[in-house]
Amino acid sequence: MKSAPAKAPSMTVAVVESDPLRLVGFRSLFDSQGEIDLAALSLDEIRTRHDVDVALLGSRNGQNLFDLIASLKAARPDLRILVTGSNADDETILKSLAAGAKGYVDEGAAAAEFVQALKVVHQGWVWAPRRVLALFVDRVAASGRIFPAGRLTFTDREKEVLELLVAGRSNKEVGATLGIEERTVKAHVAKLMRKVGVQNRIALSVHAITHSLVSSK
């Protein structure tokens, strides 16, 4: 009598970490989950590997975390990102969601919670503590924005990118003008949209014009 074939993984999860102990820890968590295929990949590999469904991104990078999330989402808009960390404050979790992450799970969570978080995020839903989700909803309901306006600061490069976007240039044209790669332009645009609080480049350009974020020529 033939045995039933092994169930093929339905979700490919990438661990964005080079720490081998961390990878071993995740493998032990997901060993019994036949539908999860775990791999340790670099950020560049994840940008080009379209078979990766969910990326587990550690929050140890501090402020760089939000730029990494925006950069990954610019290169892979379909990628689901689940941030992991230890006792992250509510603002860090909120900013991760605003940057494009689909959820946050504490590293001390039980294996069952980790697996549930991955499945929820893989389906396109948000996984975060209820108090954070309540805060998220309250802020949006109160102002239509996740974070208050009025304290926006842009780097010189971001200002250059914004000026060219308002002028109607494509990402490729912006990159050629500034001498940077197109994917770098996408990352800048994603970060600008996150800072301003809009969902697309058209809204970003309109906001830049109406709020005098670019110089008049």
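These remarks concern the structure in this document. Quantities reported herein were computed from a predicted structural model and do not represent experimental measurements. (Residues numbered from 1 in each chain as written. Predicted model: local features only at pLDDT ≥ 70, side-chain atom pairs only at ≥ 80, totals over all residues. Heavy atoms only, no water.)

**Side note on the pattern of salt bridges**
Piece 1. With the rule as written, the count across this model stands at nine salt bridges.
Piece 2. The shortest N-O distance in the salt bridge between R49 and D51 comes to 2.7 Å.
Piece 3. The class for D51 is partly exposed, based on a relative accessible area of 38%.
Piece 4. The shortest N-O distance in the salt bridge between E158 and K191 comes to 3.6 Å. Of this pair, E158 sits in helix α7 (residues 156-166) while K191 sits in helix α9 (residues 182-196), and the two are 33 residues apart along the sequence.
Piece 5. Accessibility expressed as a relative area gives 1% for E158, which makes it buried.
Piece 6. A relative accessible area of 19% means that K191 is categorised as buried.
Piece 7. Connected through shared salt-bridge partners, D44, R47, E181 and R183 make up one network. (Salt bridge = Lys/Arg side-chain N within 4 Å of Asp/Glu carboxyl O. Buried < 20%, exposed > 50% of the residue type's maximum accessible area, 1.4 Å probe, protein only. Helix = DSSP H or I, 4+ residues; strand = E, 2+ residues; numbered from the N terminus.)

**Observations regarding the layout of surface pockets**
Piece 1. Counted as a void, the second largest pocket has a volume near 160 Å³.
Piece 2. With three residues, the single largest contributor to the lining of the second largest pocket is strand β5 (residues 103-106).
Piece 3. Grouping the constituent residues of the lining of the second largest pocket by class yields seven nonpolar, one polar and three charged. (1 Å grid on protein atoms, 1.4 Å probe; cavity = no way out; pocket = protein on both sides within 12 Å on 5 of 7 lines; lining within 4 Å. Points joined across faces, edges and corners; volume = space filled by probe spheres on them. Nonpolar A, V, L, I, M, F, W, Y, C, P; charged D, E, K, R; others polar.)

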